[in-house]
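Given next are the chains, with one letter for each unit.
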Amino acid sequence: MVRFKIAEHIFELAMGAMCRPVAVPRNFRPFVTTEQGEPLFRLLLDSPIELRTDAPLQTFDYDLQVGDCTLSIYPDEYRLTVRSSGEATLVCPFVEEGEVADYRTDLFVEGAKPDSVMFDHLMCFAYSFATLPHKTLLIHSSVIVKEGRAVMCLGESGTGKSTHTRLWLENIEGTERLNDDGPVVRAFDDGRVRVFGSPWSGKGAVYRTDNCPIAGFLRLSQAPHNEIHKLTRFAAFGALLPSCLPTLQKAERTLDHICGALSDIIISTPTYTLACLPNAEAAELSYKTIFAALG
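For clarity, every value in this text was computed on a predicted model and none was experimentally measured. (Residues numbered from 1 in each chain as written. Predicted model: local features only at pLDDT ≥ 70, side-chain atom pairs only at ≥ 80, totals over all residues. Heavy atoms only, no water.)

1. Points about the overall build of the chain
And then number 1: From N to C terminus, the chain includes 5 helices and 17 strands.
And then number 2: For 295 residues, the compact-globule formula gives about 19 Å, and the C-alpha radius of gyration of the chain, at 19 Å, lands near that figure.
And then number 3: Expressed as lengths along the three principal axes of its C-alpha atoms, the size of the chain is roughly 55 × 35 × 35 Å.
And then number 4: Considering only contacts in the chain between residues 6 or more positions apart, those separated by 24 or more positions represent 65%.
And then number 5: In the form shown here, the chain has an accessible surface area of approximately 13600 Å², with 51% of it arising from carbon and sulfur atoms.
And then number 6: Computed over 28 positive and 37 negative side-chain charges, the inter-centroid distance for the chain is 5 Å. (Helix = DSSP H or I, 4+ residues; strand = E, 2+ residues; numbered from the N terminus. Rg over C-alpha atoms; globule rule 2.2 N^0.38 Å. Contact = heavy atoms within 4.5 Å. Areas by Shrake-Rupley, 256 points an atom, 1.4 Å probe, with all protein chains shown as cover. Lys, Arg positive; Asp, Glu negative; His and termini not counted. Charge placed at Lys NZ, Arg CZ, Asp CG, Glu CD.)

2. Points about the side chain of Arg 79
And then number 1: Within the secondary structure layout, Arg 79 lies in strand S6 (residues 77-83).
And then number 2: Take Arg 79: its relative accessible area is 9%, and that puts it in the buried class.
And then number 3: There is a polar contact of 2.6 Å between the side chain of Arg 79 and the side chain of Glu 77.
And then number 4: The residues contacting Arg 79, other than those within four sequence positions of it, are Ile 49, Glu 50, Leu 51, Arg 52, Thr 70, Leu 71, Ser 72, Tyr 74, Leu 90 and Val 91. (Buried < 20%, exposed > 50% of the residue type's maximum accessible area, 1.4 Å probe, protein only. Polar contact = N/O pair within 3.5 Å; in protein donor to acceptor, adjacent residues only side chain to side chain.)

3. Side note on the packing of aromatic side chains
And then number 1: Applying the stated criterion across every chain, the model contains 18 aromatic pairs.
And then number 2: Ring plane angle 85° and centroid distance 5.6 Å describe the contact between Tyr 78 and Phe 94, whose orientation is recorded as edge-to-face. Here Phe 94 lies in the loop between strand S7 (87-93) and strand S8 (101-105) and Tyr 78 lies in strand S6, a separation of 16 residues in the sequence.
And then number 3: Looking at Tyr 78, the relative accessible area reads 1%, which means it is buried.
And then number 4: Ring geometry for Phe 108 and Phe 119: centres 6.3 Å apart, planes at 70°, overall edge-to-face. Residue Phe 108 is located in the loop between S8 and helix H1 (116-131), and its partner Phe 119 is located in helix H1; the two are separated by 11 residues in the primary sequence. We note that Phe 108, like Phe 119, is buried.
And then number 5: Geometry around Tyr 74 places Arg 52 over its ring, the cationic atom sitting 4.0 Å from the centre.
And then number 6: The ring centre of Phe 94 lies 3.6 Å from the NZ or CZ of Arg 253, which sits over that ring. (Phe/Tyr/Trp six-rings, centres within 6.5 Å; stacked < 30°, edge-to-face > 60°. Lys NZ or Arg CZ within 6 Å of the ring centre and 35° of its normal.)

4. Description of the sheet that holds strand S2 (residues 9-14)
And then number 1: Read across the open sheet, the 8 strands follow the order S1-S2-S3-S8-S7-S6-S5-S4; overall the sheet is mixed. Because the sheet does not close on itself, it has two edges, and the strands there are strand S1 (2-6) and strand S4 (58-64). The average undirected angle you get between the axes of adjacent strands in this sheet is 20°.
And then number 2: In the sheet, strand S5 (residues 67-73) pairs with S6 via 6 bridges, with the strands oriented antiparallel. (Pairing = 2+ DSSP bridges. Axes fitted to C-alpha atoms, helices over the stretch in contact; angles between N-to-C directions.)

5. Observations regarding the environment of Phe 31
And then number 1: By the secondary structure assignment, Phe 31 is in the loop between S2 and strand S3 (41-44).
And then number 2: Phe 31 sits in the buried class, given a relative accessible area of 3%.
And then number 3: Between the C-alpha atoms of Phe 31 and Lys 5, which are 26 residues apart in sequence, the distance is 5.4 Å.
And then number 4: For Phe 31, the contacting residues outside a window of four places in its chain are Arg 3, Phe 4, Lys 5, Ile 6, Gly 197, Ser 198, Pro 199, Tyr 207, Arg 208 and Thr 209.

6. Let's talk about helix H4 (residues 252-268)
And then number 1: Compared with the 24 Å implied by 1.5 Å per residue over 17 residues, the 25 Å span of H4 between its first and last C-alpha is a close match.
And then number 2: If you check which residues of H4 are buried, you get Thr 254, Ile 258, Ala 261, Leu 262, Ile 265 and Ile 266. The buried residues of H4 occupy an angular sector of 130° when the element is viewed end-on, so they sit on one face. Across from the buried face of H4, at angles greater than 90 degrees, the exposed residues are Glu 252 and Ile 267. (Expected span 1.5 Å × (residues − 1). Arc of directions from axis to C-beta.)

7. Concerning helix H5 (residues 280-292)
And then number 1: The terminal C-alpha atoms of H5 lie 18 Å apart, and with 13 residues this matches the ideal 18 Å at 1.5 Å per residue to within 8%.
And then number 2: Of the surrounding secondary structure, the elements contacted by the buried residues of H5 are strand S10 (142-146), strand S11 (149-154), helix H2 (161-171), strand S15 (211-222), strand S16 (227-230) and strand S17 (271-276).

8. Considerations on the environment of Asp 76
And then number 1: Tracing the sequence through the fold places Asp 76 in the loop between S5 and S6.
And then number 2: Among the residues examined, Asp 76 registers a relative accessible area of 39% and is labelled partly exposed.
And then number 3: Leave out the neighbours within four places in its chain, and Asp 76 touches Arg 52, Pro 93 and Phe 94.
And then number 4: Of the polar contacts made by the side chain of Asp 76, one reaches the side chain of Arg 52; its length is 3.0 Å.

9. Topic: the packing of helix H3 (residues 233-240) against H4
And then number 1: Across the interface, H3 lies against H4 with an axial gap of 10 Å and an inter-helix angle of 130°. Between H3 and H4, the crossing angle belongs to the class labelled oblique. Relative to H4, H3 is oriented so that their crossing is right-handed. Note on element contacts: H4 touches H3 through Cys 259, Leu 262, Ser 263, Ile 266 and Ile 267, opposite Arg 233, Ala 236, Phe 237 and Leu 240.
And then number 2: When the residues that make up the contact of H3 with H4 are grouped by side-chain class, the tally is 7 nonpolar, 1 polar and 1 charged. (Parallel < 35°, antiparallel > 145°, perpendicular 65-115°, else oblique. Left-handed = near helix turned anticlockwise from the far one by under 90°. Nonpolar A, V, L, I, M, F, W, Y, C, P; charged D, E, K, R; others polar.)

As structure tokens, this is what we get:
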């Protein structure tokens, strides 16, 4: 059994008798913990998954870069099947508040070693599903930190999120990158909103356990000029929702949790849009605007 701690949520991975010991992937190693206490969920990595004979309420197919996935939604559980170098299914049942969720996957049945894409995607889904009721969201973005506060760059693939954070690193003194793809944002009951590093950092491969408050969200679009605007809360909601995990927006039950968390997040955190060129002036404009507003 291995324990992990991500955004202050602890969970366990366990392997049954059929599975030979599995090395912890490099991107998860900084998040291994010996901290005790009841975990949020447990995931058994080598559990045979029985077929269901009843039809799901909804089914969705989507692509990974090196494979494809099917999400099946039942009244009592979600099932996610990932196909890459092989095939694996994850079963995530709904549990009552306060109960430890027991999830199962046949990822390592009979000692088979799946590729990292399958492991990462199933782990990301299991973590996201379990933490949703706790106002915790993976938000697709690249995160830069300056003066102890984070700026989260959002946008569609290819809009320049990593490029814009790189421009901060090159042109704004004292900046550092927290995550380059899948940071975790958590809204706490006392009103705090913080962004945490995670094992899911894309090509940037920045696997940090640090966390900090958020100075602002910055939704990027390419343009022949540099122009920044602060959004209303209503517009901010629309700007952030597309960057949350799309598979968890497919059913009303999980979408309600996402909307509730986003509502708490945007109350205390400003959101901006930046139409920009990939140049130093764009980084300087976003830095000056966001941090000047902090006072």
